[in-house]
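Chain by chain, the residues:
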Amino acid sequence: MEAVLGYLRAAIENGTYAVGDKLPSEAELCRSLEVSRPVLREALRALQTMGLTVSKTGKGTFVVAHTVEDPTFGDYAASDLLEVRRHVEIPVAGYAALRRSPENLDHLAHLLERMDRETDTTSWVALDTLFHLAIAEAAQNPVFRRVIEEIRDALARQSAFLNELGGRREQSNREHQAIVEALVDGCEPDAVAAMAHHLDRVETTLTDIVRPVRTDLSPEGGRDA
C-alpha cells in the first residue's frame, strides 16, 4: 500500500495529475499498478486524508491540491488536533498520576495487555482510543473525559493513519507502558514527561509521512504492496 500511495502521491506532486483532474478508475489503477482493490482503496483513503484528493460518490476521485499541507482527521486538521492534545493530555497525565484509583490502574493494565496481544490494526486503534479515555478518567475530572470524547473519532483516524503508514503500533505500546508505569508510581513529573514524549513521537511520525516521498513504482512495472 505504501508503494501505491507513493506512486500516486508523486504523480500528483509532479503534475502528472493536476489540480482538478480526475484520477483513473479503480479498475484502471488496479490493472496498471498490478495491485488488489483493497490495497488501492487504502492508498486512495490516505491521499484524501493528506488533503490531496476528494472522493465524489458516483463520480470518482479528484485532485484538489498538489502538495500536502496539513492532513485532516475527521473534522480536525492534524496541527489543530496535536495542539489541543498537548494542552490537554499532558497535564491530564500529571493529574492522573496524583488521583488515579486502583480500579483505574487495573483498567489501564488490562488495556495494555490487550493492545500488546492485538494484531488487527482496526481493533488496536479502538483500544488506543480507549487507553487515552482511561487516562482522562484517571484524572478524576469529567470535563477532561468529555474533551477526549469530543476528539475520539479524530484520534482513531489519526491512529489508523500513523499505524498504516508509519508502523507506530509497537512503539506506541512501549510509550503507553511508560505512561502507565508513571501512574502506578504516582509520579506526576514522570507521567507528564511520558505523555509529552508520546505526543512528540506522534508528531515526528506524522511529519515524516507527509514529507514528499520518492518511489520506484511505475504503471509498467507495478508490485503488490
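Treat the numbers as computed from the prediction; the structure is a model and nothing was measured.

## Here's the deal with the pairing of strand β1 (residues 53-56)
On a regular strand, one side chain projects to one face of the sheet and the next to the other, so that they alternate.
Point 1. Note that β1 and strand β2 (residues 60-63) share four bridges and pair antiparallel. Bridge assignment links S55 to a residue of β2, and that residue is T61.
Point 2. Joining the antiparallel neighbours β1 and β2 is a turn of three residues, in which G58 adopts a positive phi near 80°.

## Focus: the environment of A178
Point 1. In this fold, A178 is placed in helix α9 (residues 169-185).
Point 2. Through-space distance from the C-alpha of A178 to that of L133 is 17 Å; in sequence the pair is 45 residues apart.

## A look at helix α10 (residues 188-210)
Point 1. With 23 residues, α10 extends 33 Å from end C-alpha to end C-alpha; this agrees with the ideal 33 Å at 1.5 Å per step.
Point 2. Listing the buried residues of α10 in full gives A191, A194, M195, A196, H198, L199, V202, T205, L206, I209 and V210.
Point 3. Looking at the packing, one finds that the buried side of α10 touches α1 (2-13), β3 (72-73), α4 (78-99), α6 (121-138), α8 (152-166) and α9.

## Considering empty space enclosed by the protein
Point 1. Evaluation of the coordinates by the stated rule reveals one cavity of 30 Å³ or more.
Point 2. With five residues, the top contributor of residues to the lining of the largest cavity is α8.
Point 3. The residue inventory of the lining of the largest cavity, partitioned by class, reads four nonpolar, seven polar and three charged.

## Quick notes on the packing of aromatic side chains
By convention here, two paired aromatic rings are described through the distance between centres and the angle between planes.
Point 1. Under the counting rule described, the total for this entry stands at two aromatic pairs.
Point 2. An angle of 65° between the planes, with centres 5.4 Å apart, marks the rings of F73 and F161 as edge-to-face. Placement of F73 in strand β3 and of F161 in helix α8 is noted, with a sequence separation of 88 residues between them. Of the two residues, F73 and F161, both sit in the buried class.
Point 3. Where Y95 meets F144, the ring centres are 5.8 Å apart and the plane angle is 25°; that geometry is what we call stacked. A residue pair is termed long-range when its members are at least 10 positions apart, and Y95 in helix α4 and F144 in helix α7 (residues 142-150) qualify at 49 residues.
Point 4. With relative accessibility at 32%, the residue Y95 sits in the partly exposed group.
Point 5. Of the residues examined, F144 reaches a relative accessible area of 17% and is grouped as buried.
Point 6. Lying over the aromatic face of F62, K56 brings its terminal NZ or CZ to 4.9 Å of the ring centre.

The rules we used
- Residues numbered from 1 in each chain as written.
- Predicted model: local features only at pLDDT ≥ 70, side-chain atom pairs only at ≥ 80, totals over all residues.
- Heavy atoms only, no water.
- Pairing = 2+ DSSP bridges.
- Helix = DSSP H or I, 4+ residues; strand = E, 2+ residues; numbered from the N terminus.
- Expected span 1.5 Å × (residues − 1).
- Buried < 20%, exposed > 50% of the residue type's maximum accessible area, 1.4 Å probe, protein only.
- Contact = heavy atoms within 4.5 Å.
- 1 Å grid on protein atoms, 1.4 Å probe; cavity = no way out; pocket = protein on both sides within 12 Å on 5 of 7 lines; lining within 4 Å.
- Points joined across faces, edges and corners; volume = space filled by probe spheres on them.
- Nonpolar A, V, L, I, M, F, W, Y, C, P; charged D, E, K, R; others polar.
- Phe/Tyr/Trp six-rings, centres within 6.5 Å; stacked < 30°, edge-to-face > 60°.
- Lys NZ or Arg CZ within 6 Å of the ring centre and 35° of its normal.

Just geometry here; none of it tells us what the structure is for.
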